[in-house]
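# Residue-level structure breakdown
Each chain, written out:
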Amino acid sequence: MSVDVRKIYSEVFASRLTRFELARIIGARSLQLSLGAPTLIDVSGIQIKDPVAVAIYELLKTSLPMSIRRRVEDGKYELIPVSKLITTDVRKYLSTILETWNISSRV
């Protein structure tokens, strides 16, 4: 019985953000915000006005019009919207980051 590693990889990871993609998205959006780009969500109710925190909030609200470019099997590329790749695990992880950020800012 032979196992096709590429097929397993594509099935498991095709619908998830990798940690590197997540860092790239948050970093790129926070850079845009720090350079004066308008926010895509209402930030009046957010306690933390840091560009990284705002980028995480925007990602959680799935309001970022960004796409991930991934290579497919035939060597071509496909663009996948970030909003389709946000899983419950990613939401939980990002929410935990924001909660600890709120706690550390009060100390």
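Conventions used here
- Residues numbered from 1 in each chain as written.
- Predicted model: local features only at pLDDT ≥ 70, side-chain atom pairs only at ≥ 80, totals over all residues.
- Heavy atoms only, no water.
- UniProt positions renumbered as here; feature names shortened; annotations may be inferred.
- Pairing = 2+ DSSP bridges.
- Helix = DSSP H or I, 4+ residues; strand = E, 2+ residues; numbered from the N terminus.
- pLDDT = per-residue confidence, 0-100.
- Polar contact = N/O pair within 3.5 Å; in protein donor to acceptor, adjacent residues only side chain to side chain.
- Contact = heavy atoms within 4.5 Å.
- Buried < 20%, exposed > 50% of the residue type's maximum accessible area, 1.4 Å probe, protein only.
- Axes fitted to C-alpha atoms, helices over the stretch in contact; angles between N-to-C directions.
- Parallel < 35°, antiparallel > 145°, perpendicular 65-115°, else oblique.
- Left-handed = near helix turned anticlockwise from the far one by under 90°.

As recorded in an unreviewed UniProt entry, the chain goes by the name DNA-directed RNA polymerase subunit Rpo6, listed as coming from Thermosphaera chiliense. Note on the chain: under the UniProt heading Catalytic activity (unreviewed entry), the record states "RNA(n) + a ribonucleoside 5'-triphosphate = RNA(n+1) + diphosphate".

Relative to strand S2 (residues 77-81), strand S1 (residues 67-71) is paired through five bridges, and the arrangement is antiparallel. Considered in S2, the bridge of serine 67 is made with proline 81. Counted between consecutive antiparallel strands, the loop separating S1 from S2 contains five residues, among which glycine 75 sits at a positive phi close to 90°.

Residues of the chain with pLDDT of at least 70 account for 83%, and the chain-wide mean is 85. Within the chain, no element has a lower average pLDDT than helix H1 (residues 5-13), which sits at 65, and none a higher one than helix H2 (residues 19-34), at 94.

So, on to the side chain of arginine 29. Relative to the elements of secondary structure, arginine 29 occurs in helix H2. At 2.5 Å, the side chain of arginine 29 and the side chain of glutamate 58 are in polar contact. Sequence-distant contacts of arginine 29, defined by excluding residues within four places in its chain, comprise Ala37, Pro38, Thr39, Leu40, Ala55, Glu58, Leu64 and Met66.

Once that is clear, we can look at helix H3 (residues 51-60). Among the 10 residues of H3, seven are classified as buried, and the element is accordingly described as predominantly covered. Those residues of H3 that sit buried are Ala53, Val54, Ala55, Ile56, Glu58, Leu59 and Leu60. The backbone nitrogen of valine 52 lies 3.0 Å from a side-chain oxygen of the residue at the head of H3, namely aspartate 50. At the exit of H3 stands threonine 62, carrying a positive phi of roughly 50°.

With that out of the way, let us pick up the side chain of glutamate 58. By the secondary structure assignment, glutamate 58 is in helix H3. With sequence-adjacent residues up to four places away left out, glutamate 58 is seen in contact with Arg29, Leu33, Thr39, Leu40, Ile41, Ser63 and Leu64.

Another aspect to go through is the packing of H2 against H3. It is at 8 Å that the axes of H2 and H3 come closest, and there the two elements cross at 120°. Classified by the interaxial angle, the pair formed by H2 and H3 is oblique. As H2 runs across H3, the sense of the crossing is right-handed. Two secondary-structure elements touch here, H2 through Leu22, Ile25, Ile26, Arg29, Ser30, Leu33 and Ser34 and H3 through Pro51, Val52, Val54, Ala55, Ile56, Glu58 and Leu59.

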